[in-house]
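Residues per chain are reported as follows:
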Amino acid sequence: MQEIRELSLPELREKMRELSEKPFRAEQIYSWLHERLCASFDEMSNLSLPLREKLREHFRLFLPEPVRILSSSLDGTRKFIFRLEDGHIIESVFMRYRHGNTVCISSQVGCRMGCRFCASTLEGLARNLSAAEMLTQVYQIQRLLGERISNVVVMGSGEPLDNYENLTKFVRMISDERGLHLSQRNLTVSTCGLVPELLRLSEEGFQLTLALSLHAPKDEIRRRLMPIAARYPLSELLPAVRHYFERTGRRVSFEYSVVRDLNDTKEEAEALSTLLKKLRDGGEGSAGQQKGFPLHVNLIPVNPIRERSWERPERRRIEDFQHVLEKNGISATIRREMGADISGACGQLRRDYLGEKRCETN
Ligand code: SF4
């Protein structure tokens with residue numbers, strides 16, 4: 001049986017035709033699913049009982065079940081552990097910023113990219129999330145908190161571009177005016193740098209903000225942190241990022257996890273400045289002139305995970321790194337840690353939950 005939230009409005013109209021229902025029913029149902037964020041067919045009060053029964057016979061309707069919620073007493077951040085319909089566990093985060101409420105969602109159960117500082121990948125990829133499973137992380141959080149979500153970042157577990165079809169369907173549906181109608185400009189997709197998919201994304205006509213996990217200005221160090229760097233060196237990746245900007249006009253942010261004694265030196269900061277200036281200015285013959293490529297560096301003090309030995313540098317050292325970038329005309333911020341009292345590396349909370357459940361059943 002199909003999950004009804006997987007259907008776009010034209011697909012839902014087609015289904016209504018197949019079920020010998022009037023096409024306008026599709027609009028009503030779509031509104032219940034994607035605007036009013038209903039949890040069951042019973043809530044669809046402007047549909048007849050027989051129609052609700054028919055829907056129940058033909059479709060599934062599921063919201064992820066919150067099995068643990070951690071709340072920060074410092075800044076209102078909430079971390080959600082959700083159980084999916086097939087029992088898989090995922091993690092989503094709600095953050096309150098001055099510019100609006102933001103939800104960070106997962107795009108896969110686990111991840112196969114193998115980044116060395118990330119807990120989400122330690123057991124590999126279990127499966128992709130469907131578009132509906134990405135949407136309903138946002139819907140469920142909005143329902144539970146009763147607060148409008150205005151920004152979504154696809155930065156939780158998983159590599160979004162490794163789940164391309166579902167990601168693009170999710171983007172279309174969450175920005176649809178008949179759904180939550182989130183501005184695509186308030187949607188950020190983070191990638192570790194899958195070049196073919198990035199080039200493809202550039203042609204979708206979206207207005208997404210791209211966050212590229214760079215983490216080092218040299219291939220050699222990048223390969224130590226991210227196996228994907230062996231497949232796509234910077235000489236292929238950065239032109240693809242530039243292409244994304246040229247096709248969309250959208251800002252690109254470069255994520256840089258700062259790891260003690262690995263990529264936190266002054267030399268690395270200088271090398272990063274040189275690399276990004278060259279990218280921004282379009283290469284040869286135009287050094288020093290900004291050509292409107294709005295790029296930004298997010299410095300992220302690495303979150304140590306138990307299974308790896310990376311350490312976070314002292315704050316002072318990260319600030320020195322930031323000053324070198326700024327002196328060179330590259331805008332950079334140190335990421336504010338949200339929910340410091342409930343903090344943990346990306347994916348660590350889910351691993352802790354799964355570990356506890358395993359202990360309980362042993
Ligand atoms: S950082 Fe992202 S892409 Fe890399 S392993 Fe973790 S979830 Fe996957």
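Please read all numbers here as calculations on a predicted model, not as lab measurements.

### So, the confidence of the model for the protein
- Looking at the protein, pLDDT values average 92 and 95% of them are 70 or higher.
- Contacts of residues 284-290 to residues separated by more than four positions or lying in other chains number eight contacts, the stretch itself having pLDDT below 50.

### A closer look at the site of the ligand
- The local shell around the ligand consists of Cys 111, Met 113, Gly 114, Cys 115, Cys 118, Thr 121, Gly 158 and Glu 159.
- Here the residues of the shell around the ligand sort into four nonpolar, three polar and one charged.

### Brief notes about the layout of surface pockets
- Taken as a whole, the second largest pocket holds about 230 Å³ of empty space.
- Forming the boundary of the second largest pocket are eleven residues, of which Leu 238, Pro 239, Leu 275, Lys 278 and Leu 279 lie nearest the centre.
- Elements supplying a minimum of two residues to the lining of the second largest pocket: helix 9 (234-248) and helix 10 (266-280).
- A per-class count over the lining of the second largest pocket returns five nonpolar, four polar and two charged.

### Concerning the packing of aromatic side chains
- In total, this model carries three aromatic pairs according to the counting rule given.
- Where Phe 245 meets Phe 293, the ring centres are 4.4 Å apart and the plane angle is 5°; that geometry is what we call stacked. Note that Phe 245 is positioned in helix 9 and Phe 293 in the loop between helix 10 and strand 13 (295-301), a separation of 48 residues in sequence.
- When the ring centre of Trp 32 is taken as reference, the NZ or CZ atom of Arg 36 above it lies at 4.0 Å.

### Focus: the domain arrangement of the protein
- With domains assigned, the protein is organised as domain 1 (2-60), domain 2 (63-183 + 349-362) and domain 3 (201-337).
- Here domain 1 and domain 2 have C-alpha centroids that lie 25 Å from each other.
- Each partner contributes residues to the interface: domain 1 has 17 residues there, and domain 2 has 17 residues.
- Together domain 1 and domain 2 conceal approximately 1,400 Å² of surface at their shared face, both sides included; 52% is due to carbon and sulfur atoms.
- Contact with domain 2 buries surface across domain 1, with Arg 5, Glu 6 and Leu 37 losing the most and accounting together for 44% of the total.
- Taken together, the connections running from domain 1 to domain 2 amount to three salt bridges.
- Where Lys 169 meets Glu 11, a salt bridge forms, and the shortest distance between an N and an O atom there is 3.4 Å.
- Applying the counting criterion to the domain 1 and domain 2 interface returns nine residue pairs in polar contact (both at pLDDT 80 or more).
- Elements supplying a minimum of two residues to the side of domain 1 that touches domain 2: helix 1 (9-18) and helix 2 (24-34).
- Residues belonging to the side of domain 1 that touches domain 2 are distributed by class as follows: seven nonpolar, two polar and eight charged.

Definitions and cut-offs
Here, residues in each chain are numbered from 1, in the same order as that chain's written sequence. Under the rules for a predicted model, residues below a pLDDT of 70 receive no local features and side-chain atom pairs below 80 are neither given nor counted, while totals for whole chains, interfaces and linings still include all residues. Side-chain measures here rest on the full set of heavy atoms in the structure, leaving out hydrogens and waters. As a per-residue quantity, pLDDT reports the predictor's confidence and falls between 0 and 100. Any pair of residues with heavy atoms lying within 4.5 Å of one another is described as a contacting pair. Nearness is judged by heavy atoms alone; a residue qualifies as near a molecule or strand once a single heavy atom is within 4 Å of it. Polar here means any residue outside two lists: the nonpolar Ala, Val, Leu, Ile, Met, Phe, Trp, Tyr, Cys and Pro, and the charged Asp, Glu, Lys and Arg; Gly therefore counts as polar. Cavity: a set of points on a 1 Å grid over the protein atoms alone where a 1.4 Å probe fits but cannot get out. Pocket: an open set with protein on both sides within 12 Å along at least five of seven lines, its lining residues, like those of a cavity, having an atom within 4 Å of a point. Grid points are joined across faces, edges and corners, and a volume is the space filled by probe spheres set on the points. Starting at the N terminus, helices and strands are each numbered in turn, a helix being any DSSP run of H or I of at least four residues and a strand any DSSP run of E of at least two. Any Phe, Tyr or Trp ring, taking Trp's six-membered ring, that has another such ring centre within 6.5 Å forms a pair; planes under 30 degrees apart are called stacked, those over 60 apart edge-to-face, and the others tilted. Charge-over-ring contacts are defined here by two conditions on Lys NZ or Arg CZ: a distance within 6 Å of the ring centre and an angle within 35 degrees of the ring normal. How far each domain reaches was decided by an automatic or database domain assignment. Reported buried area values correspond to the accessible surface (1.4 Å probe) lost by two parts on association, with both partners' losses combined. We define a salt bridge as a side-chain nitrogen of Lys or Arg found within 4 Å of a carboxyl oxygen belonging to Asp or Glu. Think of a polar contact as two N or O atoms within 3.5 Å of one another; within protein, one of them needs to be a possible hydrogen donor and the other a possible acceptor, and neighboring residues in sequence only count if both atoms come from side chains.

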